[in-house]
Amino acid sequence: HRTAKASLDACTQPELINAITAAGGRNVRSVEVFKGWQKDFKIVHAVGEVVVGALEDFYDNRSLKKKARPVIILAPGGCKHTVAPLTTQAVYKSTGVLRKQIPNPAACGLSGDGYLWSAVPRPLERIDLRKHVGWVDHAMVKLLAETMRLPPKTVAQLWQAANRHHGPADSSMALQLSV
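Residues numbered from 1 in each chain as written. Predicted model: local features only at pLDDT ≥ 70, side-chain atom pairs only at ≥ 80, totals over all residues. Heavy atoms only, no water.

(A) Just the overall build of the chain, in detail. What the chain contains, in helices and strands, is five helices and six strands. Reading the helices (α) and strands (β) of the chain from amino to carboxyl end gives α-α-β-β-β-β-β-β-α-α-α. Considering the chain as a whole, with its 179 residues, one finds that 41% of them fall into the buried category. Partitioning the contacts of the chain with sequence separation of at least 6, the portion at a separation of at least 24 is 66%. Split by element, the accessible area of the chain, about 9,800 Å² in all, is 53% carbon and sulfur. (Helix = DSSP H or I, 4+ residues; strand = E, 2+ residues; numbered from the N terminus. Buried < 20%, exposed > 50% of the residue type's maximum accessible area, 1.4 Å probe, protein only. Contact = heavy atoms within 4.5 Å. Areas by Shrake-Rupley, 256 points an atom, 1.4 Å probe, with all protein chains shown as cover.)

(B) Molecular detail of the nonpolar core. Residues Ile72, Leu74, Val136, Met140, Leu144 and Leu158 are the most contacted members of the largest nonpolar core, which totals 24 residues. Among the elements of the structure, strand S2 (66-75), strand S3 (80-87), helix H3 (138-147) and helix H4 (152-166) are those that each provide at least two residues to this core. Ranked by residues supplied to this core, first place goes to H3 with six residues. Beyond its immediate sequence surroundings of up to four residues, Val136 is in contact with Gly48, Val50, Ile72, Cys108, Val141, Leu144, Leu158, Ala162 and His166. Membership of the second largest hydrophobic core comes to seven residues, among which are Val51, Val71, Val83 and Leu129. (Core = buried A, V, L, I, M, F, W, Y, C linked by side-chain atoms within 4.5 Å.)

(C) Geometry of the pattern of salt bridges. Scanning the entire structure with this criterion turns up three salt bridges. For Lys66, the salt bridge identified is with Asp128, shortest N-O distance 2.6 Å. In this pair, Lys66 sits in strand S2 while Asp128 sits in the loop between strand S5 (122-125) and strand S6 (129-135), placing the two residues 62 residues apart along the sequence. For Asp128, a relative accessible area of 4% translates into the label buried. (Salt bridge = Lys/Arg side-chain N within 4 Å of Asp/Glu carboxyl O.)

(D) Structural context of the pairing of strand S1 (residues 49-56). Burial of S1 is extensive: seven of the eight residues sit out of reach of the surface. Judged from the four bridges that link them, S1 and S6 form a sheet pairing that is antiparallel. Bridge pairing in S6 links Glu49 to Trp135. Of the strand pairs in this sheet, S1 and S2 are connected by seven bridges, and their pairing is antiparallel. Its bridge partner lying in S2, Ala54 is registered against Ala68. (Pairing = 2+ DSSP bridges.)

(E) The packing of H3 against H4, seen in detail. The interhelical angle for the contact between H3 and H4, taken along N-to-C directions, is 170 degrees, at an axis separation of 9 Å. Classified by the angle their axes make, H3 and H4 are roughly antiparallel. Note on element contacts: H4 touches H3 through Val155, Leu158, Trp159, Ala162, Asn163 and His166, opposite His138, Val141, Leu144 and Ala145. Tallied by class, the residues present in the contact of H3 with H4 amount to seven nonpolar, three polar and no charged. (Axes fitted to C-alpha atoms, helices over the stretch in contact; angles between N-to-C directions. Parallel < 35°, antiparallel > 145°, perpendicular 65-115°, else oblique. Nonpolar A, V, L, I, M, F, W, Y, C, P; charged D, E, K, R; others polar.)

(F) Molecular detail of the side chain of His45. You can see His45 is positioned in the loop between helix H2 (31-37) and S1. Classification of His45 by relative accessible area gives buried; the value is 6%. When neighbours within four sequence positions are excluded, His45 is seen to be in contact with Val51, Ile73, Pro76, His81, Arg126 and Leu129.

(G) Examining H4 more closely. With 15 residues, H4 should reach 21 Å at 1.5 Å per residue; the first-to-last C-alpha distance of 21 Å fits that figure. All of the buried residues in H4 are Thr154, Val155, Leu158, Trp159, Ala161 and Ala162. Viewed along the axis of H4, the buried residues span an arc of 160 degrees, placing them on a single side of the element. Seen from the open side of H4, the exposed residues pointing more than 90 degrees away from its buried face are Lys153 and Arg164. Immediately downstream of H4, the backbone of Gly167 shows phi near 85 degrees, a positive value. (Expected span 1.5 Å × (residues − 1). Arc of directions from axis to C-beta.)

Note that every value here comes from positions in space, so none of it alone points to a role or purpose.
Have a look at this one:
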């Protein structure tokens, strides 16, 4: 478990932290206070990790409000990661279409039923990632591979993460995974 150092990096200069947290309504005045506020802030995130992310309001992009929701790290980046947001809402509000349900939420570290928010990966600032929740399992990787247009390398990395954290999948599950 790694934590932020006194000098975080170019992505999270004290001025940027203060600007982002002030815009988000948090009373944060320095890197030291920020580190105390977010003890689980990690410099490195891994493909397949499930973490809580602070995502912008999807329905009102003019809003500065952010909502905490679980996300799956698909591609860690420098200042931005590519993530698959999750939600507890089974239906899209705008269309009434059902979302894809997470097969084994508890195996991924979630406390209840959940759904893929969208079939489209989203960028998320690294500073908006919060505490670690869990890791994808094989059924979740299969859902992501079938629902999102992920590069084969990403699917392979997700599968490896599931193997590391949940043990190898049985052969029938592995054969069903098409990359």
